[in-house]
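# Secondary and tertiary structure notes
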Amino acid sequence: MLKPLRQGLPPLDPAAASNAASCALPARYEAVREARRFTRRTLGQWDVGDRFDDICLVVSELVTNALRHAVPGETDYLVAPQGPAVRLHLMRWTGRLVCAVRDPSHETPVPRDSDDFSAESGRGLFLVDSFSDGWGWHPLAGALSGKVVWALFRLQAAE
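Residues numbered from 1 in each chain as written. Predicted model: local features only at pLDDT ≥ 70, side-chain atom pairs only at ≥ 80, totals over all residues. Heavy atoms only, no water.

With 73% of its residues at a pLDDT of 70 or more, the chain shows a mean pLDDT of 81. The lowest-confidence element of the chain is helix α3 (residues 76–79), averaging 44 in pLDDT; the highest-confidence one is helix α1 (residues 30–45), averaging 96. Contacts from residues 1–5, a stretch scored under 50 in pLDDT, to residues over four places away or in other chains number nine contacts. Taken together, the stretch residues 74–83 has pLDDT below 50 and engages in 15 contacts with residues farther than four places along the chain or on a different chain. (pLDDT = per-residue confidence, 0-100. Helix = DSSP H or I, 4+ residues; strand = E, 2+ residues; numbered from the N terminus. Contact = heavy atoms within 4.5 Å.)

This is the structure we're talking about:
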């Protein structure tokens with residue numbers, strides 16, 4: 001299995017993307033719902049075949065992780081009305097789709113090892129790994145601060 005941590009985004013030319021969309025998300029838990037709506041609406045316009053539900057689940061997990069672990073302050077993200085804390089990007093090429101979540105943290109995303117299958121949290125990156133065809137992260141450089149956590153989905157060719 002390809003070790004996902006510290007892997008850069010696979011070589012994809014953003015200029016060659018057939019479709020791209022992004023949205024800014026506020027530092028509130030309601031942002032997860034907003035991200036799901038945005039993703040469903042966007043994917044409804046794109047042909048992603050049977051990967052629709054997988055992509056929506058992974059987007060929810062990535063945005064939840066960003067809000068829970070990457071936004072400064074333990075409770076600030078629950079009520080902060082100011083500008084976007086995270087940004088969701090969806091990019092589609094002919095045979096693949098990437099969803100990427102940008103957040104302000106420099107911390108490495110680390111999957112938890114847990115044998116407690118009844119736990120209500122802690123399995124986000126396990127789900128990302130299970131439902132996507134690959135995932136990783138990379139720090140941002142230049143004027144942008146933080147990191148991007150991404151997941152790659154292979155799409156079936158239209159018949």
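Now that the structure has been shown, the text picks up again.
Mapped onto the elements, serine 60 comes out in helix α2 (residues 52–70). The residues contacting serine 60, other than those within four sequence positions of it, are Val32 and Arg36.

All right, on to helix α4 (residues 124–131) then. Among the residues making up α4, those that are buried are Gly124, Leu125 and Val128. The buried residues of α4 occupy an angular sector of 95° when projected down its axis, which confines them to one face. The secondary structure elements touched by the buried residues of α4 are α2, β4 (134–139) and β5 (147–154). (Buried < 20%, exposed > 50% of the residue type's maximum accessible area, 1.4 Å probe, protein only. Arc of directions from axis to C-beta.)

We now examine the pattern of salt bridges. If the charged atoms of two oppositely charged side chains come close together, the side chains can form a pair. What the rule picks out here adds up to six salt bridges. Of the charged contacts, one joins glutamate 34 and arginine 28 as a salt bridge, the two residues approaching to 3.4 Å between their closest N and O atoms. For glutamate 34, a relative accessible area of 30% corresponds to the partly exposed category. Take arginine 28: its relative accessible area is 24%, and that puts it in the partly exposed class. Salt-bridge contacts for aspartate 133 lead to arginine 51; the nearest nitrogen and oxygen are separated by 2.7 Å. Pair noted here: aspartate 133 is in the loop between α4 and β4 and arginine 51 is in the loop between α1 and α2, with a separation of 82 residues, a long-range link. For aspartate 133, a relative accessible area of 31% gives the class partly exposed. Each of Arg51, Asp54, Asp133 and Arg154 takes part in a single network of salt bridges with overlapping partners. (Salt bridge = Lys/Arg side-chain N within 4 Å of Asp/Glu carboxyl O.)

Of all the eight residues making up β5, seven are buried; the element is thus mostly covered by neighbouring parts of the structure. Of the strand pairs in this sheet, strand β3 (residues 96–103) and β5 are connected by eight bridges, and their pairing is antiparallel. Counterpart to cysteine 99 in the pairing with β5 is alanine 151. Relative to β5, β4 is paired through six bridges, and the arrangement is antiparallel. Bridge pairing in β5 places tryptophan 137 opposite valine 149. (Pairing = 2+ DSSP bridges.)

Tracing the chain through its elements places threonine 42 in helix α1. A distance of 2.8 Å separates a polar atom in the side chain of threonine 42 from the backbone oxygen of phenylalanine 38. Excluding residues within four positions of it along the chain, threonine 42 makes contact with Ala21 and Leu90. (Polar contact = N/O pair within 3.5 Å; in protein donor to acceptor, adjacent residues only side chain to side chain.)

Turning our attention to the packing of α1 against α2. For the pair α1 and α2, interaxial distance at closest approach is 9 Å and the crossing angle is 150°. Taken together, α1 and α2 sit at an angle that is classed as roughly antiparallel. Where α1 crosses over α2, the handedness of that crossing is right-handed. Only Phe52, Ile55, Cys56, Val59, Ser60, Val63, Thr64 and Leu67 of α2 make contact with α1, whose side of the interface consists of Ala31, Val32, Ala35, Arg36, Thr39, Arg40, Leu43 and Gly44. Of the residues belonging to the contact of α1 with α2, the class tally is ten nonpolar, four polar and two charged. (Axes fitted to C-alpha atoms, helices over the stretch in contact; angles between N-to-C directions. Parallel < 35°, antiparallel > 145°, perpendicular 65-115°, else oblique. Left-handed = near helix turned anticlockwise from the far one by under 90°. Nonpolar A, V, L, I, M, F, W, Y, C, P; charged D, E, K, R; others polar.)

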